[in-house]
Structure formats: C-alpha cells, structure tokens
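Structural overview for review
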Amino acid sequence: MGELLNYLRNIAKEFKEHVDQGRRYIVVIDAGKVREVAAKIRELGRETYLSTISTVDLIQDGIIQLNYCFWSLEEKALIVLRVNLPRDNPRIQTISDIIPGACNGEQEAYDLMGIYFDGNPSLRRTFLAPEEVAKEGVFPLRKDYKG
Amino acid sequence: MSVIEIPVGPQHPALHEPIMLRVRLDGEEVVGVDVVTGYNHRGVEKLSESRSWVRNIYLFSRICGICNTVHQQAYVQGVEKLMGVEPPPRANYIRTIMMELERIHSHMIICAIMAEVIGFDSLFMLMMRDREVVMGLKELIAGNRVHADIHIFGGVKRDIDDKIRDTVLRKLERVEERIKYYRRVFEEDFTIRKRLVDAGVIKYHEAIEYSLVGPTLRGSGVKSDVRADDPYAAYAEIPFNVITRDEGDSWARMLVRLDEALESVYMVRYALEHLPGGPAVPKNIKRAAPPGEVFSRAEAPRGELFYHIISKGGQNPYRVKVRTPSFNNIVNGVFAYRGARLADVPVILTSFDPCISCTERVLVVDESRGVKRYVRLKELSRNQGW
C-alpha cells in the first residue's frame, strides 16, 4: 500500500475497502478536514485525479453525503473521500482552488443538491437545472423534491 | 486594447450540440472562456429513482446517442454486482465487441466533424460514408443501428452466430483499411496540420489536475485507460495497447483517436475469433437488488464514465449518479483556450469530442395558436396530449 493510502488510513474516521470490481477504498473524514486532506492528496498523489463528486441525499438520517471520488493512476485504485453534512445546512469549504478539477463537481452539487461550497466563486443556479426550477429555490436531486 | 466578449453558441455552425462559450478576446487572442451549460438538462438521474432497475437500462442508454452501449455497460455491470449476478464469458465478449464497434464509429464521427470544422468537407463526407459500415455491423449484431440495447442483467439479448461473425470479420477489413488511410491524412495533410498542431496545448500535469479524461488525457501523454487499469467485461482477456501521445495539442488528441479506432478493430477481430462457447442469453433476469452501493467505471469513447449506484433494496434504485466524460472535459478544459486565436476555438472544442446530450422532453408547438408546451414521454407513447 502506497504512501497516500497509508496517510488516508491514519487520518480517516472510518476506512473501508470494497472489492466490488477492482480496488475501491472508502475514507470517511470530518467536513473540517477536507482542505487539509485535499492538499495532501495533491502532494502525495501527483498522478491522482478527482474523477467526480457524487452526492446522496440520505433524508432518513438527516444527512447529505458528499463523495469525492479520486482515481489513483499509481495505485490503480478508486479512493472515495466521504463527508457527511447536516441536511438542514449543508456547507463545506471549497477544494476547487487546490484541485481545479473539483470546480465542475462543486457547481453541479450546488445547483442540483444545494450544497454550498464556501470560497468557490463560480457557484450559480441554472448551471444545469432549468430556470423555472432554479427560480423556485429548490434543489431537484433532493429526495423531498417532487418535480 | 479593451477586451471584448463574443458568444459562440448555443446554436453555432461549428457546434453540433447546444452549449455556449463566452469567449473574451484581446484582438484575436483569447484571454478567457466561460462555458454556459444547462440548455439540455433532462433530469435523468432524478427520473431513474422512480423507475425499475430493468427500465433504467434503457433510460441510461438514452443519455447518449453515440456511446449508448458503454452507458448500459457501466450501469448493468454495477447493478449485476449489487444483485450478485455474473454474466457468462460469451456475453462479456459480445458486450465488448459492441463497445469496441461503438468506439470505432464514435472516433470516426468526431474526426469527420473535425474535418468539417476546419472546412475539409470532402473528408467529412468520406469518413461518414465509411462510418456507416460500422453502424451496419452494430445493426447486424444487435438489431439496432444506433441504440444497440443489447445488455440485460446476466448477459446479452442476442447471440452471435457463425454467419454474423464471418460478415463482421469480412467488413472489418475494409474498415481497417479506411481508418489507416484517414490516419495518414490526419498525420500528413498540410491543412489539417496547419489548423490542429499547437492548438489548445494541455500539459501532462494540467490534464491530471483539471480531471480531464479519455483521449484528451492520453493526448497529453498520461497513460490512463479504464479498460487496462480497472478491467471490466472481457478487457482483461483481450490484448490491446493504450495509445498515448506527448504533444498535448488538438492534433495529438485526434491521432490518439484514430490509433485507438484501429486498435479497436484488432480487438473486435480478436474477440470474434476467440469467442467462448456456452450461453450468452440469460433465461431469467433478476428484477430486484439488495441494499448496497457500487462504484462502476467504464471507458467510453470520450473517456472515463462513472456510475455511483445506491440501492436500498426493492425494485428501484435509491440514487444513481452519472458522470459523463464530457462533463469534465468541456467544463474543466476551458483553460486550454487561453492564448489561442478566435478561429482556433471551434477546433479546440471539437478536439475534446464534446457530447452534450439532447432532451428527453418533447416541445410541441401549436403553430396555428402559437402555443408551446412540454409533453411527457409517457403521454407521447400513449399517443395522447397532441
């Protein structure tokens, strides 16, 4: 196991390995640590790119799950950085200045799931959602939205 | 000199699908580009939550007209993991054949479009003519020319018999010969080189930092291919080379595609010649999945395709997140335009192979009254609401 995975194993609240298809690691961290971990991923994983940001509304648990999915070319493994945010105020600091590839994922997560990324100047409604939905101030991928 | 802003798109002769680039110019030089998206958002992810696992196979393949088979693969292989279903080897080979045929025609269409964008229309016509042979092969195997819809949980819907195999092998010879010819044209033609070389250069580490994927990433020298790094279907058993080039410009990206298309021809040929025996078409299919989550990846013609599928049990998925390759390449790739000339903008965009999916809703216009309204697909299928 490489340096990056060792670091993540030490810092994680929870560290899971999935073998559904290829190598998959799920690393659960606190929302406050996201910038620190992102910077470390940039430093240790020069060949690691942020594949996507996947969001899930877990309405029964009152949380919105944020999954930063990294693909590591060195490890040939998918590293999922997971953060659970409170559903009533889903805010987190942006990582788009550290990892520029996060910009589109953050814009999408804001527009469709209503997660606010502090410090990302490019957040705007109607990035993907149609105008009429954006005007209502609702976020279509949330489970309580019945469009 | 002050900076002026020119909108390119959403409807523009050089763009085949609706997206807008707000290009800021200082004289002829591009100093910045903003991408404006959202013209065709269909809400497929939301829609999938209210449909059954099986119906979603067809929904996800409709995300893209060109790379529909790979969308089905990414979805179906993920759900199969959740269900605990293993497709037989023959089915995996047939899926791989379909996906590689798709890659050939997808790469041919974007090279043809590139020819058209730079004003080389006869090349466009010729490539589209030869691409039609591959579309014919897709139809021969799957029964459908565009949407193959050959995937089903636990296998494929149609098997390949000896007659079909021989026809595909025979026609591939012609396809191979033509792709080799077009590769030479792209490599040697004076006009193509003039327009493509050094247009939109992306460096090795920039490509990784900005999360670019597929031929765009490999055109900058990064050896990353889901088929090789994270094998699915039959890719672990079929030999192939991951094509990379170091130049990082539009020309490199197009040559990567043409080399890949050639590689795909060899892969289809190998798969057909080594097709395993046994069944390919499942007798029964599962319709429910137990709770769980899966991260499914596949290499679409445009790059890494990502599905995050979550099940809470039952007939429908709880959430399916789809990340298509163009979402990264088009939105994050804007830095590549800086420093280029205005005339290079369509060339650079085309070199990313943009795919902006079209709309699921249908807009019906009542000409006589001038009334517009949206009609749901369900109403259309019942022939109501006109």
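Scroll up a little and you will see the structure.
Attention here is on the structure that accompanies the text. Bear in mind the structure is a predicted one, so any value in this text is a computation, not a measurement. (Residues numbered from 1 in each chain as written. Chains lettered and ligands numbered in written order. Predicted model: local features only at pLDDT ≥ 70, side-chain atom pairs only at ≥ 80, totals over all residues.)

Side note on the sheet that holds strand 7 (residues 303–311) of chain B
Residue and element names in this part refer to chain B. Taken in spatial order, the three strands make up an open sheet running 6-7-8, and their pairing is antiparallel. Of all strands in the sheet, those bounded by a partner on one side alone are strand 6 (292–300) and strand 8 (319–323). Taken over all neighbouring pairs, the strand axes of this sheet differ in orientation by 10 degrees on average, direction set aside. Taken together, the nine bridges between strand 6 and strand 7 define a ladder with antiparallel strand orientation. Each residue of the ladder has a partner; that of Arg297, found in strand 7, is Phe306. Taken strand by strand, helix 3 (residues 68–83) contacts strand 6 and strand 7, and its axis lies near 150 degrees from that of strand 6. Packed onto the sheet, helix 12 (residues 325–332) meets strand 6, strand 7 and strand 8 and runs at close to 125 degrees relative to strand 7. (Pairing = 2+ DSSP bridges. Helix = DSSP H or I, 4+ residues; strand = E, 2+ residues; numbered from the N terminus. Axes fitted to C-alpha atoms, helices over the stretch in contact; angles between N-to-C directions. Contact = placed C-beta atoms within 7 Å.)

Some thoughts on the packing of helix 4 (residues 89–117) of chain B against helix 11 (residues 250–273) of chain B
Residues and elements named next belong to chain B. Helix 11 packs onto helix 4 with a crossing angle of 155 degrees between their chain directions and a minimal axis gap of 9 Å. For the element pair helix 4 / helix 11, the angle class is roughly antiparallel. When the axes of helix 4 and helix 11 are compared, the crossing they make is left-handed. Facing helix 4, whose interface residues are Tyr93, Thr96, Ile97, Glu100, Leu101, Arg103, Ile104, His107, Met108, Ile110, Cys111 and Met114, helix 11 presents Met254, Arg257, Leu258, Glu260, Ala261, Ser264, Val265, Met267, Val268, Ala271 and Leu272. Class assignment of the residues belonging to the contact of helix 4 with helix 11 gives a composition of 16 nonpolar, three polar and four charged. (Parallel < 35°, antiparallel > 145°, perpendicular 65-115°, else oblique. Left-handed = near helix turned anticlockwise from the far one by under 90°. Nonpolar A, V, L, I, M, F, W, Y, C, P; charged D, E, K, R; others polar.)

Concerning the sheet that holds strand 2 (residues 20–26) of chain B
All names here are of chain B. Strand order in this open sheet of three strands is 1-2-3, and the pairing throughout is antiparallel. In this open sheet, the two strands that pair with only one neighbour each are strand 1 (4–8) and strand 3 (29–36). Strand-to-strand, the axes of this sheet are offset by a mean angle of 25 degrees, without reference to chain direction. Looking at chain direction, strand 2 and strand 3 are connected through seven bridges and run antiparallel. Across the sheet, residue Leu21 finds its bridge partner in strand 3, namely Val35.

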